[in-house]
Amino acid sequence: MAGRTSEDPLFARLWAWASPRIETLGLAAQRRTLLQGLAGEVVEIGAGTGPNFAHYPPAVTHVLAVEPEPLLRRRAEAAARRAPVPVTVVDAVAEAIPLPAAGADHGVVALVLCTVPDQAAALAELRRVIRPGGSLRYLEHVVAAGRTGARLQRALDATVWPRLGGGCHLARDTGAAIRAAGFSVTEEERSPLAVGGRAPLPHLRGRAIRT
């Protein structure tokens, strides 16, 4: 949940406080599975406080981690110094990644595509910087499959939730958006994940190839 394009100090402080606690609710295990098998140059957008960094496998030669929020970026820089692989944290946004075309072997997004202002533009930019045949790894909460849950999510999105959640949207169909952006999904698992500790949200964890 770290894809904002402007400072949000209140949300950043709340997320920095909550993030370590959320990891213990099953998110850390999801991150380890998400990043298995990665190698070479990786770009990660919306790095937040850097919780992915500890889980990158040794075959990764470098991670360029994009985080626009100042407080979260400082936390990510500290996490980068403890990471088992080289990580560079930069001040940039998902829609303008500071890499040349095909400059990364793989891309990573985790709880980010819910918050970017323009999801299609962020995915188009990821497709630009990932080499053909490279992968996009994603772990995102998405719109509920049932009508009642989806209706509630859309009502929250239209009222209070984006303001309370730092721009987060609950009802995005991120799996469909990834496919529409020109990625070929090779693996996808849908499961409830209690990110807030009590109310499970539907999540997708998957891998897609940049075609």
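It should be emphasised that the depicted structure is a prediction, and the values quoted were computed from it without experimental measurement.

What counts and what doesn't
Residues numbered from 1 in each chain as written. Predicted model: local features only at pLDDT ≥ 70, side-chain atom pairs only at ≥ 80, totals over all residues. Heavy atoms only, no water. Helix = DSSP H or I, 4+ residues; strand = E, 2+ residues; numbered from the N terminus. Buried < 20%, exposed > 50% of the residue type's maximum accessible area, 1.4 Å probe, protein only. Lys, Arg positive; Asp, Glu negative; His and termini not counted. Salt bridge = Lys/Arg side-chain N within 4 Å of Asp/Glu carboxyl O. Polar contact = N/O pair within 3.5 Å; in protein donor to acceptor, adjacent residues only side chain to side chain. Contact = heavy atoms within 4.5 Å. Arc of directions from axis to C-beta. Pairing = 2+ DSSP bridges. Right-handed = clockwise from strand over helix to strand, strands pointing away.

A. Structural view of the side chain of R210. Looking at where R210 falls in the secondary structure, it is placed in strand β7 (residues 201–210). Although R210 is buried, it forms no salt bridge, and the closest oppositely charged side chain is E125 at an N-O distance of 10 Å. A distance of 2.9 Å separates a polar atom in the side chain of R210 from the backbone oxygen of R127. In this structure, R210 is in contact with R127, I130, R131, P132, G133, G134, G182 and F183, ignoring residues within four places of it in sequence.

B. Molecular detail of helix α3 (residues 119–129). Buried within α3 we find Q119, A122, L123, E125, L126 and V129. Taken around the axis of α3, the buried residues stretch over an arc of 155°, which confines them to a single face. A side-chain oxygen of the first residue of α3 lies 3.3 Å from the backbone nitrogen of A120; this N-cap is D118.

C. Fine view of the pairing of strand β3 (residues 87–90). Sheet topology note: the strand β2 (residues 60–66)/β3 ladder contains four bridges and is parallel. Its bridge partner lying in β3, V66 is registered against V90. In this view, the connection linking β2 to its parallel neighbour β3 by way of helix α2 (residues 70–82) has right-handed handedness.

D. Layout of the pairing of β7. Counting buried residues along β7, seven of its 10 residues qualify, which places the element largely inside the surrounding structure. Across seven bridges, strand β5 (residues 130–141) lies against β7 in antiparallel orientation. The partner of L136 across the bridge, within β7, is A208.

E. Seen up close, the pattern of salt bridges. On inspection of all chains with the given rule, the structure shows six salt bridges. Between D105 and R131 there is a salt bridge, with its nearest N and O atoms 2.9 Å apart. Here R131 lies in strand β5 and D105 lies in strand β4 (residues 104–110), a separation of 26 residues in the sequence. Ionic pairing is found between E188 and R179, a salt bridge with its closest N-O pair at 3.3 Å. Judged by relative accessible area, which is 33%, E188 ranks as partly exposed. Assessed through its relative accessible area of 41%, R179 is described here as partly exposed.

These results come straight from atomic positions and should not be treated as a statement about function.
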